[in-house]
Amino acid sequence: MLFGRKNRKPITIPSKEVKEWKYTTCNYCSTGCSIEIGLSEDKKIVTTRGHAGADVNRGKLCIKGLLEHELFESPGRGTEPLSREKHFEKLEKTTWDNALNTTANKIKEIQEKYGKDAFAVISTGQLVTEEFYTLGKLTRGCIGTNNYDGNTTLCMASAVSGYKRTFGLDGPPGCYEDFEHTHCLMAFGSNLPEQHPIIYWRLKEALEKRKFPLIVVDPRVTMFAQFADIHLPITPGTDCVLINAMMFVIINEGLQDQAYIDASTQGFDEVKALVQDYDPKTAQHICGIDEDTIRNVARIYAKAPSAMSIWTMGINQSTHGSDGVANINNLNLITGNIGIPGGTSLSITGQCNAMGTREWSSCSGLPGYRYLENEDERQEIADFWGIDVDFLPKKRGLAQTDIFPVIETGEIKGLWLVATNPMTSMPNTARIRKMLEKLEFLVVQDVYEDVETNQYSHVYFPASVWAEKQGCHTNTERRVNLIDNVLPPYANSKPDFWIFNQMAKRFENSKTMNFPDEPEGAFNEMKELSKGTHNGRPRTLDISGMSYEKIIRARGIQWPYREDESREEESREADDQTPASASLKGAQRLYSDGVFPTKSGKANLIPVKFYNNNEQPCGEYPFWLNSGRVVEHFHTRTRTGKIGNCNKFSPTAYMEMNPDAAADLGITHQSYVRLTSRRGDAVVLVQLTQRVPRNMVFVPFHYHDCVNRLTLGLLDPHSRQPAFKQCSVRIEHVDQAEAAKLNVERRSY
Ligand code: SF4
């Protein structure tokens with residue numbers, strides 16, 4: 001975001017002498033780039049570079065990864081535990097013992113007074129997997145609340161829900177290498193070059209070697225849409241209509257893969273019947289894509305020898321996100337595009353370890369994709385952890401987005417937030433503020449003590465960041481990679497793993513449970529739990545063949561990677577002298593045999609009916625409000641907002657607006673305006689661009705007191721994910737001097 005500046009300073013990466021390179025993995029997005037951290041003679045971190053031998057990024061990094069070494073000593077880092085009686089008092093320094101004791105006592109007090117579930121825990125996609133597993137063990141096995149969830153409900157819950165409904169289990173079935181085999185790629189609501197730059201680079205490299213059609217579905221002319229062969233500027237929230245209309249064409253023209261449908265799916269007749277209501281002639285008036293284009297795209301997709309779909313928040317953050325995912329899966333199943341090279345349904349994950357929390361955190365179930373609702377799985381975990389099975393709830397508790405309203409009604413009195421910042425990330429922040437104020441006890445655990453949510457805490461735990469800790473991430477293509485411990489914790493911060501272990505010691509059940517002292521001990525427990533069968537077939541999420549040493553050697557291994565495969569590869573290495581890293585391969589694709597982890601072994605085709613239930617532009621609020629990520633920032637800017645070379649591109653909240661719409665309202669480029677919705681208002685700087693249509697504005701979601709003051713956030717009924725991208729606003733003139741003053745005040749870093 002440039003705002004017409006002409007004399008910008010170039011990015012400078014000072015060249016300092018590196019004595020030693022240390023292996024790790026990027027801690028921002030889910031691409032999962034392997035990074036080497038350069039240490040100087042005196043063990044100071046001086047730079048980062050992409051690992052040339054890593055299959056994911058092949059030596060490349062995006063701007064965030066290139067500058068990631070700067071975050072260790074960035075402003076606002078928490079140095080000491082803090083506490084106070086009331087949230088409006090000053091936070092005072094305390095000891096770790098005091099902070100942990102106060103928190104444990106408050107949790108027990110609230111639970112005794114109001115019931116176990118009156119204390120809630122909300123985590124993140126930013127920790128390492130061993131920490132997620134340990135937090136799950138602590139929350140489910142010791143604290144015993146069922147109101148435990150992750151902020152991944154804001155980004156990936158719809159993908160999880162859609163995968164579970166279709167395939168019987170979570171887990172993206174494809175991989176990045178599918179770009180090298182596919183004959184058609186269709187991207188839904190994904191601005192890959194900005195959101196996942198290195199995945200985009202992999203796609204571009206594949207396209208340079210072998211051209212295939214690239215179709216991008218997005219209401220905005222994103223960077224990705226500008227590179228597409230066909231851009232479908234869809235009406236917000238109508239992707240189900242487009243896909244149903246495509247399936248109408250495919251089925252009525254006999255282009256479906258009937259042999260695959262018969263052998264590997266169930267529910268085809270219901271889908272076939274439903275899509276008859278979505279003739280492209282009718283559908284075009286709802287989804288905004290003309291009839292001929294719908295037919296053309298449907299034929300290209302179905303006739304391609306292999307075709308793949310990718311998607312991100314444009315699908316997930318919707319009132320029918322889970323249905324949208326199920327419908328993308330439908331499209332791929334009826335065309336036989338699951339589990340084959342270049343044929344897949346690949347959700348591009350958000351946070352660096354959103355996959356790790358899905359797999360092992362026990363947020364929505366139990367570790368290793370086990371279900372609380374399954375009696376045998378409850379028993380298995382209770383035995384493994386050494387607790388009474390009755391301590392585990394028999395069904396999932398509230399999702400993150402349902403926990404906050406229950407704070408409002410007074411049923412939840414205490415909350416522990418781990419590396420998440422709802423004061424910026426949740427829709428309708430004015431309401432969130434009131435809810436946080438209402439809590440009897442809030443503990444905030446974060447790398448940064450200036451994280452906005454900390455304004456309401458009673459206790460603050462300063463956490464260590466990234467390579468100050470050790471543990472694994474799983475990326476978008478199910479690749480488990482390692483963050484190695486390169487630096488000691490900053491000041492008196494502590495690794496999240498240590499904090500969870502210390503907290504566990506303060507609860508009765510920990511006397512019979514084992515909490516390993518080191519992350520590798522937790523990893524070994526996860527390996528053990530990943531073995532065995534599910535619905536009579538080997539577990540898909542099997543990591544039993546992995547070890548930290550092998551992961552580093554291979555620069556990441558995809559699951560499933562079983563113990564027996566690992567042994568075979570080791571003996572092959574010994575026989576033919578194959579380099580170790582080349583032979584350490586997990587499974588690139590799931591479901592290649594056409595068998596799925598449902599009871600019948602068949603994938604579910606799910607009819608998806610369109611309901612128009614979003615807030616729509618109207619006379620009073622005439623513009624669609626769209627939001628999303630920009631390349632130089634990550635989430636709520638707790639980190640990137642303080643790294644100068646990242647922050648300089650977009651230091652201030654802004655909005656993209658169509659020049660014709662601006663002319664109608666007398667609004668000029670680089671002026672300030674007020675955006676107002678039915679929830680609140682926000683002042684932003686205007687950037688005029690044809691990227692957005694005349695009836696839409698786009699605002700990046702990273703800024704505090706900005707776009708989420710406006711969003712409505714209606715929830716998906718299956719995933720409970722909020723519809724961040726479909727609501728309406730109006731635009732008003734503001735006093736420019738006042739707005740500029742406000743803007744400067746907000747840019748405190
Ligand atoms: S693409 Fe993602 S994982 Fe790779 S360097 Fe950038 S932020 Fe990190």
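Please refer to the structure placed before this passage.
My aim in this report is to walk through the structure given alongside it, one point at a time. (Residues numbered from 1 in each chain as written. Predicted model: local features only at pLDDT ≥ 70, side-chain atom pairs only at ≥ 80, totals over all residues. Heavy atoms only, no water.)

### Concerning the overall build of the protein
What counts is decided by this rule: Runs of E in the DSSP output that reach at least two residues are strands. Runs of H or I that reach at least four are helices, and both are numbered from the N terminus. Atoms considered for the radius of gyration are the C-alpha atoms alone. The globule rule reads 2.2 Å times the number of residues to the power 0.38. Note on classification: 1.4 Å probe, protein chains only; a residue is buried when its accessible area is under 20% of the maximum for its type, exposed when over 50%, partly exposed between these limits. Note on contacts: a residue pair qualifies if any of its non-hydrogen atoms lie within 4.5 Å across the two residues. A 1.4 Å probe and the Shrake-Rupley method give the accessible areas. Residues count as covered only by the protein chains that appear here. Asp and Glu are treated as the negative residues and Lys and Arg as the positive ones, with His and the ends of the chain left uncounted. Think of each charge as sitting on NZ of Lys, CZ of Arg, CG of Asp or CD of Glu.
Each helix and strand counted, the protein has 27 helices and 28 strands in total. Its C-alpha radius of gyration of 25 Å places the protein within 12% of the 27 Å reference for a compact globule of 749 residues. Seen through its C-alpha atoms, the protein measures out along the principal axes to roughly 70 × 65 × 60 Å. Across the 749 residues of the protein, 64% fall into the buried class. Residue pairs at least 24 apart in sequence account for 74% of intrachain contacts in the protein once pairs closer than 6 positions are excluded. Per element, the accessible surface of the protein, about 26300 Å² overall, is 49% carbon and sulfur. Of the side chains in the protein, 87 bear a positive and 94 a negative charge, and the two mean positions are spaced by 3 Å.

### Points about the packing of helix α3 (residues 129-143) against helix α20 (residues 496-504)
We apply this condition: Angles here are taken between N-to-C directions and fall from 0 to 180 degrees, while the axes themselves are lines fitted to C-alpha atoms, restricted in helices to the stretch in contact. Under this scheme an angle from 65 to 115 degrees is roughly perpendicular, one under 35 degrees roughly parallel, and one over 145 degrees roughly antiparallel; angles in between are oblique. Two helices cross in a left-handed way if the nearer one is turned anticlockwise from the farther one by less than a right angle. They cross in a right-handed way if the turn is clockwise. Polarity classes work like this: nonpolar for Ala, Val, Leu, Ile, Met, Phe, Trp, Tyr, Cys and Pro, charged for Asp, Glu, Lys and Arg, and polar for all others, with Gly in that last group.
Here α3 crosses α20 at 20°, and the two axes come no closer than 9 Å. Our classification of the angle between α3 and α20 gives roughly parallel. For the element pair α3 and α20, the recorded crossing hand is left-handed. Here E130, E131, T134, L135, L138 and C142 of α3 lie close against α20, whose contacting residues are D496, F497, F500, N501, M503 and A504. Residue composition of the contact of α3 with α20, by class: seven nonpolar, two polar and three charged.

### Quick word on the sheet that holds strand β2 (residues 34-39)
The condition that has to hold: Here, any two strands with at least 2 DSSP bridges between them count as paired.
The three strands lie next to each other as β1-β2-β3, forming an open sheet whose pairing is antiparallel. Each edge of the open sheet is held by one strand with a lone partner, namely β1 (20-25) and β3 (45-50). When strand polarity is set aside, the average angle formed by the axes of neighbouring strands in this sheet is 30°.

### A short note on the layout of surface pockets
Under the convention used in this document: Computed over the protein atoms alone on a 1 Å grid, cavities are sets of points where a 1.4 Å probe fits but cannot get out and pockets are open sets with protein on both sides within 12 Å along at least five of seven lines; a residue lines them when it has an atom within 4 Å of a point. Grid points are joined across faces, edges and corners, and a volume is the space filled by probe spheres set on the points.
Empty space within the largest pocket amounts to approximately 600 Å³. Lining the largest pocket are 31 residues; nearest its centre among them are D149, V160, K164, S364 and R396. Of all the secondary-structure elements, those providing two or more residues to the lining of the largest pocket are α4 (157-167) and α15 (354-360). Split into classes, the residues belonging to the lining of the largest pocket amount to nine nonpolar, eleven polar and eleven charged.

### What to know about the packing of aromatic side chains
How two aromatic rings sit relative to each other is given by the distance of their centres and the angle of their planes. Note the following rule: Ring pairs are drawn from Phe, Tyr and Trp, using the six-membered ring of Trp, whenever the two centres fall within 6.5 Å, and their geometry is named by plane angle: stacked under 30 degrees, edge-to-face over 60, tilted for the rest. Our definition puts a charge over a ring when NZ of Lys or CZ of Arg is within 6 Å of the ring centre and also within 35 degrees of the ring normal.
Counted according to the given criterion, the structure contains 17 aromatic pairs. With a centroid separation of 6.3 Å and an interplanar angle of 65°, the aromatic rings of Y133 and W385 are classed as edge-to-face. Of this pair, Y133 sits in helix α3 while W385 is found in helix α16 (residues 375-385), placing the two residues 252 residues apart along the sequence. Judged by relative accessible area, which is 2%, W385 ranks as buried. Ring centres 5.5 Å apart and planes at 20° place the aromatic pair Y200 and F227 in the stacked group. With Y200 in helix α6 (residues 197-209) and F227 in helix α7 (residues 223-227), the pair connects residues that are 27 residues apart, well separated along the chain. You can call Y200 buried: its relative accessible area is 10%. Since its relative accessible area comes to 43%, F227 is described here as partly exposed. What links up through ring pairs into an aromatic cluster is the set W96, W416, F461, W498 and F500. A cation over an aromatic ring shows up here: R220 above the ring of F698, its NZ or CZ 3.5 Å from the ring centre. Sitting over the face of the ring of W559, R478 holds its NZ or CZ atom 5.6 Å from the ring centroid.

### Digging into the environment of T166
Along the chain, T166 turns up in helix α4. In this structure the C-alpha to C-alpha distance between T166 and I250, which are 84 residues apart in sequence, comes to 20 Å. Filtering out sequence-adjacent residues up to four positions away, T166 remains in contact with A326, N329, L333, T598, A603, N604 and I606.

Keep in mind that these numbers describe shape and distance, not what the molecule does.
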